[in-house]
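The residues making up each chain are set out below.
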Amino acid sequence: MNTALVCGLIILVVLAVLLLAGVPIAVALGISSVCAILPIMDTGVAVLTGAQRIFSGISVFSLLAIPFFILAGNIMNKGGIAIRLINFAKVLTGRTPGALAQTNVLANMLFGAISGSGTAAASAMGSIIGPIEKEEGYDPNFSAAANIATAPTGLLIPPSNVMITFSLVSGGTSVAALFMAGYIPGILWGLACMLVIFFIAKKHGYRSSTKFTAKEKWNIFLQALPCLLLIVIVIGGIIGGIFTATEGSVVAVVYSLFLSLYGYKSIKWRDLPKIQKESAEMTGIIIFLIGVSSIMSWVMAFTNIPALVSSGLLSISNNKYVILFLINLILLVVGTFMDMTPACLIFTPIFLPVCQALGMNTVHFGIMMIFNLCIGTITPPVGTTLFVGVKVGGVKIETVIRQLLIYFAAIFVVLLMVTYIPQISLWLPSLMGYV
C-alpha cells in the first residue's frame, strides 16, 4: 500500500480515537503524528523527530505577535471600551429599524477587531445591549441571534491571531497582506447580517426611541476615539512599514495599557497579574498547538500526503469551482467540531497545495479558510461563540438556532462571494502592493 496512504490513515484513525476518548486535541495531534511515522522509522527516532519538530515549529520570531495581541486584547476587554464602542455604534445606526441590534453588529465588528476574540465580543456586547433591547420590546431570541451571528466578524477584521497562525503554517504568507485582505470580507459579513436585521425589525416594528443631540454625538465620538485609534495605529504602522506585525503587537500592549490605566482609569495595577496569568494560559494553549501541529505538517510533507489529497480531489473534477465548493463544504463541517487554530494548522497543509494547483492566491485561500472556520464558531456542537451568546442572552440554544438560520443563509452567500470573487480579498492587499 502507498506510504502516504498508510500514514494518512494512521493519523486519521488514531486522532479520531483519541478525540472521542476525550484526549486534549494538542496531545492527540502529537501522538497521532508520531504514530504515523512509526512504520517508516524506529520508535526512538520517531519520538526524537517529533520533539525536534515541536521546537522548530515554535522557534519562530513572528509567533511573538500572538501572546502580545492576546495580552492587548485582555487588557482592552477589562479596560471599559465596550460601552464606549456601543454608544459610538448607536450614533451611527440612528433610528433605523432594529437600531439596537444594528448597534450590536457594529459594536461586535469594532470590539472584535480590537480584542481579537469573537467570544469576548459576544459576551461583552450581549451582556450590555441585550437588557436594553429587552426593555424596548425586542424578542430576546432575535437579540441573541443578531449578537451571535456577528460576533466572529472581528476574527476577520484585523488584527487577528488566526491570520498570524495561517501565515506561519502556509510558509510565510505576508501578515500585512492577510490583515488587509480580511477587511472587506469581515465588513460584508456584518452588512449581510445588518440587512437581515433590517427586514426582520421592520416586520416586527423594532425601532429605537433614543435620539442624540449634536453635542452628545460629539462627546460620544471623543470618548470612543482613543479605542478606535488603537486599530489605526497598529494596522497603519504595519501596512506603512513603520513596524512589523510582531512589533505592532507590542505597540498594542503599550497603548492599551496606557489607555486603560491612565486614560479611562478602568483597571488598576493590582489587576495586571490576573490579566497576565489569563493571557499566559491562553498563549500556552495556542503555542503548544502550533508546536505539535508542526509534527503533523512534517509527516505530511515527508510522506507526500497533500499531493495524494490533491490528486484525489482533482480526480473528482477538473472544474475549479466544483473543487473550491467541495473544500468549503469540508471546512464548514470541520469547523463545527474543531476550534479555529487546530483546524487551520491541520488543514492548511492539505488544501493549500490543491488551491495553488488551481491558480488560487495564498492570501485569498487564507481568507476563505478563516471565513469558513469563523462560521464554525457559531454552529454546534463546538461553537464556543454560540454557547457564550446563548448564555449572556438568557435564551435556549434550540430557539436561537431557528433564528440563526436566516443569518447563516446570508453569511453563506458572502462566503461564496469571497470564494469565487478573488478581488473581494485581494483588492486592498494589491492596492497596498502586497500581492
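Computed from a predicted model, the values in this text were never measured in an experiment.

A. Quick look at a nonpolar patch on the surface. The grouping of L5, L9 and L308 at the surface amounts to a nonpolar patch, some 220 Å² of accessible area in total. For L9, the position within the fold is in helix 1 (residues 3-20). The class for L9 is partly exposed, based on a relative accessible area of 41%.

B. Geometry of the side chain of S33. Following the sequence through the fold, S33 ends up in helix 2 (residues 25-37). Exposure remark for S33: the relative accessible area of 0% places this residue in the buried category.

C. Geometry of the packing of helix 16 (residues 320-337) against helix 20 (residues 397-420). Where helix 16 contacts helix 20, the two axes come as close as 11 Å, and the packing angle between them is 135 degrees. Of the possible angle classes, the one that applies to helix 16 and helix 20 is oblique. Where helix 16 crosses over helix 20, the handedness of that crossing is right-handed. Within the contact between the two elements, helix 16 uses Y321, L324, F325, N328 and L332 and helix 20 uses F412, L415, L416, T419 and Y420. Along the lines of polarity and charge, the residues of the contact of helix 16 with helix 20 split into eight nonpolar, two polar and no charged.

D. Representation of the packing of aromatic side chains. As enumerated under the stated definition, the model contains 10 aromatic pairs in all. Consider the rings of W189 and F371, whose centres lie 4.9 Å apart with planes at 40 degrees: the pair is tilted. Residue W189 is found in helix 11 (residues 175-204), and its partner F371 is found in helix 18 (residues 362-376); the two are separated by 182 residues along the sequence. In this structure, W189 and F371 share a single accessibility class: buried. Ring centres of F258 and Y262 lie 5.5 Å apart, and the angle between their planes is 50 degrees; on these two criteria the pair is classed as tilted. Here F258 pairs with Y262, and both are found in helix 13 (residues 245-263), just four residues apart, close to one helical turn. For F258, a relative accessible area of 56% corresponds to the exposed category. The class for Y262 is partly exposed, based on a relative accessible area of 47%. For R84, the ring lying beneath its charged end belongs to Y264, and the centroid distance is 3.7 Å.

E. View of the layout of surface pockets. Empty space within the largest pocket amounts to approximately 770 Å³. Forming the walls of the largest pocket are 34 residues, and the residues nearest its centre are S117, T119, M282, I286 and T341. Among the elements of the structure, helix 4 (65-77), helix 7 (118-135), helix 10 (161-169), helix 14 (272-303), helix 17 (340-357), helix 18 and helix 19 (384-393) are those that each provide at least two residues to the lining of the largest pocket. A per-element tally of the lining of the largest pocket places helix 14 first, with six residues.

F. Representation of the environment of V175. By the secondary structure assignment, V175 is in helix 11. On the basis of relative accessibility, which here comes to 14%, the residue V175 falls in the buried class. The spacing of V175 and I164 is 11 residues in sequence and 6.1 Å in space, taken between C-alpha atoms. V175 has contacts with I164, S167 and A245, leaving out every residue within four places of it along the chain.

G. Looking closely at the pattern of salt bridges. Taken as a whole, this structure holds one salt bridge when the rule is applied. In this structure, K277 engages E281 in a salt bridge whose closest nitrogen and oxygen atoms are separated by 2.8 Å. With K277 and E281 both in helix 14, this residue pair falls four residues apart, about one helical turn.

H. Representation of helix 19 within the structure. Buried residues of helix 19: T385, L386, G389 and V390, and no others. Seen from one end, helix 19 has its buried residues packed into an arc of 135 degrees, which puts them on one side. The secondary structure elements touched by the buried residues of helix 19 are helix 7, helix 8 (140-150) and helix 20. The positive-phi residue at the C-terminal boundary of helix 19 is G394, with phi of around 65 degrees.

Calculation rules
Just so you know, the residues in each chain are numbered from 1, in the order the chain's sequence is written. Residue-level local features of this predicted model are given only where pLDDT is at least 70; pairs of side-chain atoms are given and counted only at 80 or more, and the full residue set underlies all totals for whole chains, interfaces and linings. As a rule here, side-chain values come from all non-hydrogen atoms in the structure, and water together with hydrogens is ignored. Each patch is assembled from residues with relative accessible area greater than 30% and no salt bridge, linking like charges that lie within 9 Å and nonpolar side chains (Val, Leu, Ile, Met, Phe, Trp, Tyr) that lie within 5 Å. Working definition of accessibility: Shrake-Rupley area with a 1.4 Å probe, residue cover restricted to the visible protein chains. Throughout this description, the term salt bridge denotes a Lys or Arg side-chain nitrogen within 4 Å of a carboxyl oxygen of Asp or Glu. Put simply, DSSP marks the helices as runs of H or I at least four residues long and the strands as runs of E at least two long, and each gets a number from the N terminus on. For every residue, the accessible area obtained with a 1.4 Å probe (protein chains only) is divided by the maximum for its type, and the residue is called buried under 20%, exposed over 50%, and partly exposed between those limits. Note on definitions: angles span 0 to 180 degrees between N-to-C directions of axes, and those axes are lines fitted to C-alpha atoms, for helices only across the stretch in contact. Convention used here: angles under 35 degrees read as roughly parallel, angles over 145 as roughly antiparallel, angles from 65 to 115 as roughly perpendicular, and any remaining angle as oblique. If you view the pair so one helix is near and one far, a crossing is left-handed when the near helix is turned anticlockwise from the far one by less than a right angle, and right-handed when it is turned clockwise. Pairs of residues are marked as contacts when any of their non-hydrogen atoms sit within 4.5 Å. Three classes are used, and their members are as follows: Ala, Val, Leu, Ile, Met, Phe, Trp, Tyr, Cys and Pro are nonpolar, Asp, Glu, Lys and Arg are charged, and the others, Gly among them, are polar. The pairing test for Phe, Tyr and Trp rings, Trp by its six-membered ring, is centres within 6.5 Å, and the orientation test on the planes gives stacked under 30 degrees, edge-to-face over 60, and tilted for anything in between. Charges are assigned to positions over rings by a cutoff of 6 Å between ring centre and Lys NZ or Arg CZ, combined with an angular limit of 35 degrees from the ring normal. Buried and open spaces are told apart on a 1 Å grid over the protein atoms alone, a cavity being a set of points where a 1.4 Å probe fits but cannot get out and a pocket being an open set with protein on both sides within 12 Å along at least five of seven lines. Residues with an atom within 4 Å of a point are the lining residues. Grid points are joined across faces, edges and corners, and a volume is the space filled by probe spheres set on the points. Starting at the helix axis, one direction is taken to each C-beta atom, and the arc is that of these directions.

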